[in-house]
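Breakdown of the fold
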Protein chains: 2
Amino acid sequence: MSEALQHLVRLLSLERLEDNLFRGHSENLGWWRVFGGQVLGQALSAAAQTVPVERRAHSLHAYFLRPGDISQPILYEVDRIRDGGSFTTRRVVAIQRGESIFHLDASFQLPEEGFEHALPMAAAPEPLALPTEQERNAGFVERARTLLGERAFVPGPFEVRTGDSDPAQPARRFIWIRATGPLPDDDALHRYLFAYASDYAFAGTALIPHGVTWLTPGVHLASLDHAVWFHRPFRVDDWLLHVVDSPVAAGARALVRGSVFTRDGALVASTAQEALTRFRSTDSAHPPATPGNGVMRAS
Amino acid sequence: MSEALQHLVRLLSLERLEDNLFRGHSENLGWWRVFGGQVLGQALSAAAQTVPVERRAHSLHAYFLRPGDISQPILYEVDRIRDGGSFTTRRVVAIQRGESIFHLDASFQLPEEGFEHALPMAAAPEPLALPTEQERNAGFVERARTLLGERAFVPGPFEVRTGDSDPAQPARRFIWIRATGPLPDDDALHRYLFAYASDYAFAGTALIPHGVTWLTPGVHLASLDHAVWFHRPFRVDDWLLHVVDSPVAAGARALVRGSVFTRDGALVASTAQEALTRFRSTDSAHPPATPGNGVMRAS
């Protein structure tokens, strides 16, 4: 396991202050704001720690309310909404300086059988046929160094390979992710690590048709919400393909939706996010709001 | 405006007990449980009544926790989570007999401009080329009468025309909806009426590839969550096309996702729902859980 992955696993395991109260610290990505995926992963970890292990997270819905400050711990307060016969529901509020910065609702289910069908995996390039994040971002080195300092070039907990060069489907991106090392057989861990990684390069997919990225001066990209549905068990220490498309952008907001496949083609999760997508051409000094599309995480 | 539509508009307007507290009554659909769309519409109405009118709902995420009882009023308690510069966030908890049966988070935005793109409308049959709900359900008349009594044949507040006969894409359905009469120019009203109607025939789309409906003995279909993203203003008293597909069913749960177009092809909303999709072949007397797919509402 890489040092970055070990560090992330520790960050997402949280410190338990009381039965329903957890404290988490933040990664330093060279950025003063917390990466959205980190708050998602920590909140799902907090929720899962209050649920019997045999009940697995099957969905989460979250809203980002205020930017998180990496210099302060984040408190995660879990509300045990319901413990039912088949389903368990939890709500988690993330708090800094007395204000909620984020909230998440999650539902857990005892494994059960029923009707089955699934879309086939899209034809995608193999992960190793795609450039590394460092190669992709070679043209942005100076801007990245200005924004993020040397942290921009520190290896991250996930290897990420993205491809988005189909002119027929401009608002679509293939995002391969794999944790940088083997992980224990802990089903909940794989789910909250995926929640973390589901935010890589996600909202940025909506910018592709407009020829800009979150690093373009004047572009303001910020996650508004986030949803994940978990369909089947999976591991994040083998390659997962997140196929993301943006059906629509309007009113300074864009929707992205994703399907997540294992390398052998099983559809294991679905995702959705709405993001604020502002462009202020006169405001060239306006910083992007979040490193949420992860382009600065070297892998 | 039809009598059923007038009645629905009254039901969704709610009685305001206090600034953040509302009371709603339920439609009698001949069913002992509350239609999920009604709770969605009432909860969004409650939230909107605590937000300045110039801020429009752009998203909602909801969980269904317990079946609602039509014989009891439903209390809607609004939590004013955040009033920001551009966005307002609300949470609504629906309560019966001291227990939460449902909760919804919604976000509202001051209108703003930004990047724009949208998927084109799918090629769909014209609404009037599709059978009415009464025609579609002619084969189920006896079962409908048994389950719902004469209420099964009372005209509803929306005209609904569905088409789902494409063998190449079995888990897909076209759902045209239109309110049965003209409505006032009240943007919030059109949004919460759409939230109501977004639940028509929605989750049932996931059952098409399996050759069953929610009326098939042994099938148990129940909404677990519901999300709507509103991209642009629209009216529900002109035809809207809800194109729904189910990418996956596994673990006794199915996901459905939809795109909503005006008749002239503008993509105005997106939807998602996960539903419990149980099948108990030995349990022929087990009733379906919800009239959520609306097939019994004659139109």
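Heads up: the structure comes first, above all this text.
Residues numbered from 1 in each chain as written. Chains lettered and ligands numbered in written order. Predicted model: local features only at pLDDT ≥ 70, side-chain atom pairs only at ≥ 80, totals over all residues. Heavy atoms only, no water.

This brings us to the packing of helix α1 (residues 3-13) of chain A against helix α5 (residues 187-197) of chain A. Residues and elements named next belong to chain A. At a minimum axis separation of 11 Å, α1 and α5 run at an interaxial angle of 105 degrees. As judged from the angle between their axes, α1 and α5 are roughly perpendicular. Listed contacts from α5 to Leu 8, Val 9, Leu 12 and Ser 13 of α1 are Leu 189, Tyr 192, Leu 193 and Tyr 196. Tallied by class, residues from the contact of α1 with α5 come to 7 nonpolar, 1 polar and no charged. (Axes fitted to C-alpha atoms, helices over the stretch in contact; angles between N-to-C directions. Helix = DSSP H or I, 4+ residues; strand = E, 2+ residues; numbered from the N terminus. Parallel < 35°, antiparallel > 145°, perpendicular 65-115°, else oblique. Contact = heavy atoms within 4.5 Å. Nonpolar A, V, L, I, M, F, W, Y, C, P; charged D, E, K, R; others polar.)

Now for the packing of aromatic side chains. Residue and element names in this part refer to chain B. Counting across every chain of the model gives 22 aromatic pairs over all chains. On the numbers, 5.8 Å between centres and 80 degrees between planes, the contact of Phe 194 with Phe 234 is edge-to-face. Note that Phe 194 is positioned in helix α5 (residues 187-197) and Phe 234 in the loop between β11 (225-230) and β12 (240-250), a separation of 40 residues in sequence. Taking the relative accessible area as the measure of exposure, Phe 194 reaches 0% and is therefore buried. (Phe/Tyr/Trp six-rings, centres within 6.5 Å; stacked < 30°, edge-to-face > 60°. Buried < 20%, exposed > 50% of the residue type's maximum accessible area, 1.4 Å probe, protein only.)

For the rest of this paragraph, the subject is the pairing of β11 of chain B. Residues and elements named next belong to chain B. With 6 of its 6 residues buried, β11 lies for the most part within the structure. With burial as the criterion, each face of β11 is covered, one bearing Asp 225, Ala 227 and Trp 229 and the other bearing His 226, Val 228 and Phe 230. For strand β3 (residues 56-64) and β11, the ladder comprises 5 bridges, and the chain directions are antiparallel. Counterpart to Leu 60 in the pairing with β11 is Val 228. Examined bridge by bridge, β11 and strand β14 (residues 267-279) share 4 bridges and lie antiparallel to one another. Of the residues in β14, the one forming a bridge with Val 228 is Thr 271. (Pairing = 2+ DSSP bridges.)

Residues and elements named next belong to chain A. Covered by surrounding structure in strand β2 (residues 21-24) are Phe 22 and Gly 24 only, the residues Leu 21 and Arg 23 on the alternate face being uncovered. Here 3 bridges tie strand β1 (residues 15-18) to β2, and the two strands are oriented antiparallel to one another. Its bridge partner lying in β2, Glu 15 is registered against Arg 23. Linking β1 to β2, which pair antiparallel, is a turn of 2 residues.

On to the relation of the copies chain A and chain B, then. Turning chain A through 180 degrees and shifting it by 0.0 Å along the axis lays it on chain B, with an RMSD of 0.0 Å. Viewed as a symmetry operation, the transformation between the two copies matches a two-fold axis. The position closest to the rotation axis in chain A is occupied by the C-alpha of His 61 of chain A, lying 3.3 Å away. The fraction of interface residues of chain A whose copies in chain B are also interface residues reaches 100%, indicating that both copies meet through the same surface. (Least-squares fit on C-alpha atoms with pLDDT ≥ 70 in both.)

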